[in-house]
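One-letter residues, chain by chain:
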Amino acid sequence: MTETLEATGLAIDDATADRLFRTARTVTTYAELDVTEEQLAAVYDLIKWGPTSMNVSPLRMLVVRTPDARQRLVANMPEGNQERVATAPVTLVLAYDPEFHERLDVLAPHLPGAREIFAGDDTARADAARTNALLQAGYLIVGLRAAGLAAGPMHGIYDGIDAEFFAENGWKGLLVVNVSVAEGADTSRPRAPRLGFDEVAQVA
Ligand SMILES: Cc1cc2nc3c(=O)[nH]c(=O)nc-3n(C[C@H](O)[C@H](O)[C@H](O)COP(=O)(O)O)c2cc1C
């Protein structure tokens, strides 16, 4: 591992860096193989350790697998994204729970009273829920890659999705992620460049 650090500045080997970031792509066509509940649970059991503010952990997810649920989701996707959802082996609707503070007695034993603070401040609660669930969505995309899966994140029509799927639990949709086994999944366009460190970092 020391050798890896010296050669690349990374504490992971090249193959892992490729799998997680450098050659991993946002996929729009998928492998024939199924993605199992066990695989998804293993990914969640890994990424749940990613940090959130006060450990609020507001990410929730709907696993869309049946033809009926898939059709109801497709009806709430922008036209350009419909085919990609219609053909995915599994699609996750990532959401946040606006009532995440109800779990803080368990999640934040180090912060007595956190639940009550959020209960009395709707704006702070919505802001913490959205920000932290989006962070967790990022962890999830990388976690899927770590499990040999590939992700195709895309936006849905969230008012419609919330009414169709979350009327009872009150969750709020944030991102739709198609999931496939990575080997055999593909993308329709060449890799676009990224900005360099010098372009994004200001050193003070
Ligand atoms: C939050 C988010 C929203 C996205 N929304 C869409 C979308 O609505 N439709 C789509 O085709 N791709 C969507 N994408 C895919 C991005 O365009 C893609 O991840 C990005 O261009 C990087 O592609 P690459 O991983 O193949 O390099 C979205 C990605 C993210 C992370």
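None of the values given here were measured: they were computed from a predicted structure.

Engineer: Help me out: how do you make sense of the packing of aromatic side chains in this one?
Structural biologist: Note on aromatic pairs: each is described by the distance of the centres and the angle between the planes. Tallied over the entire structure, the rule returns three aromatic pairs. With a centroid separation of 5.1 Å and 70° between ring planes, the pair formed by Phe100 and Phe118 is classed as edge-to-face. With a gap of 18 residues between them, Phe100 in the loop between strand 2 (90-96) and helix 6 (104-107) and Phe118 in helix 7 (residues 114-119) connect regions that are remote in the sequence. A relative accessible area of 8% places Phe118 in the buried class. Ring plane angle 50° and centroid distance 5.5 Å describe the contact between Phe166 and Trp171, whose orientation is recorded as tilted. Among the residues examined, Phe166 registers a relative accessible area of 3% and is labelled buried. Through a chain of ring-to-ring contacts, the aromatic side chains of Phe165, Phe166 and Trp171 assemble into a single cluster.

Engineer: Explanation requested: helix 9 (residues 158-165) in the structure shown.
Structural biologist: An α-helical turn contains 3.6 residues, so a residue and the one three or four places further along point in the same direction. Along helix 9, the positions that sit buried rather than exposed are Tyr158, Gly160, Ile161, Asp162 and Phe165. On the buried face of helix 9, the contacting elements are strand 1 (59-64), helix 4 (67-74), strand 2, strand 3 (149-154) and strand 4 (172-181).

Engineer: So what exactly am I meant to see when it comes to the packing of helix 3 (residues 37-47) against helix 8 (residues 122-146) here?
Structural biologist: Helix-helix packing is characterised by the crossing angle of the two axes and by the distance between the axes. As a packed pair, helix 3 and helix 8 sit with axes 9 Å apart at the nearest point and diverge in direction by 125°. By the angle class used here, helix 3 and helix 8 are oblique. Our pair here, helix 3 against helix 8, has a crossing hand that is right-handed. Of the residues in helix 8, those touching helix 3 at Leu40, Val43, Leu46 and Ile47 are Gln136, Tyr139, Leu140, Gly143, Leu144 and Ala146. For the contact of helix 3 with helix 8, a count of residues per class yields eight nonpolar, two polar and no charged.

Engineer: Quick question: what am I supposed to make of the nonpolar core here?
Structural biologist: Burial of nonpolar side chains together is a common tendency in soluble globular proteins. The biggest cluster of nonpolar side chains holds 45 residues, and the ones touching the most others in it are Leu73 and Leu144. Per element, the largest residue contribution to this core is seven residues, and it comes from helix 8. In contact with Leu73, not counting residues within four places along its chain, are Val64, Val85, Thr91, Val93, Ile161, Phe165 and Val176. Formed by five residues, the second largest nonpolar core is a distinct cluster that contains Tyr30, Ala88, Ala150 and Ala185.

Engineer: Even after reading the chapter, I still don't get the pairing of strand 4, so can you show me in this structure?
Structural biologist: It is a general feature of regular strands that their side chains alternate between the two faces of the sheet. Counted residue by residue, strand 4 has nine buried out of ten residues, so it is predominantly covered. Of the strand pairs in this sheet, strand 2 and strand 4 are connected by seven bridges, and their pairing is antiparallel. If you follow Tyr96 over to strand 4, its bridge partner there is Lys172. Here strand 3 runs beside strand 4; their pairing, made up of six bridges, is antiparallel. Its bridge partner lying in strand 4, Met154 is registered against Val176.

About the cut-offs
Residues numbered from 1 in each chain as written. Predicted model: local features only at pLDDT ≥ 70, side-chain atom pairs only at ≥ 80, totals over all residues. Heavy atoms only, no water. Phe/Tyr/Trp six-rings, centres within 6.5 Å; stacked < 30°, edge-to-face > 60°. Helix = DSSP H or I, 4+ residues; strand = E, 2+ residues; numbered from the N terminus. Buried < 20%, exposed > 50% of the residue type's maximum accessible area, 1.4 Å probe, protein only. Contact = heavy atoms within 4.5 Å. Axes fitted to C-alpha atoms, helices over the stretch in contact; angles between N-to-C directions. Parallel < 35°, antiparallel > 145°, perpendicular 65-115°, else oblique. Left-handed = near helix turned anticlockwise from the far one by under 90°. Nonpolar A, V, L, I, M, F, W, Y, C, P; charged D, E, K, R; others polar. Core = buried A, V, L, I, M, F, W, Y, C linked by side-chain atoms within 4.5 Å. Pairing = 2+ DSSP bridges.

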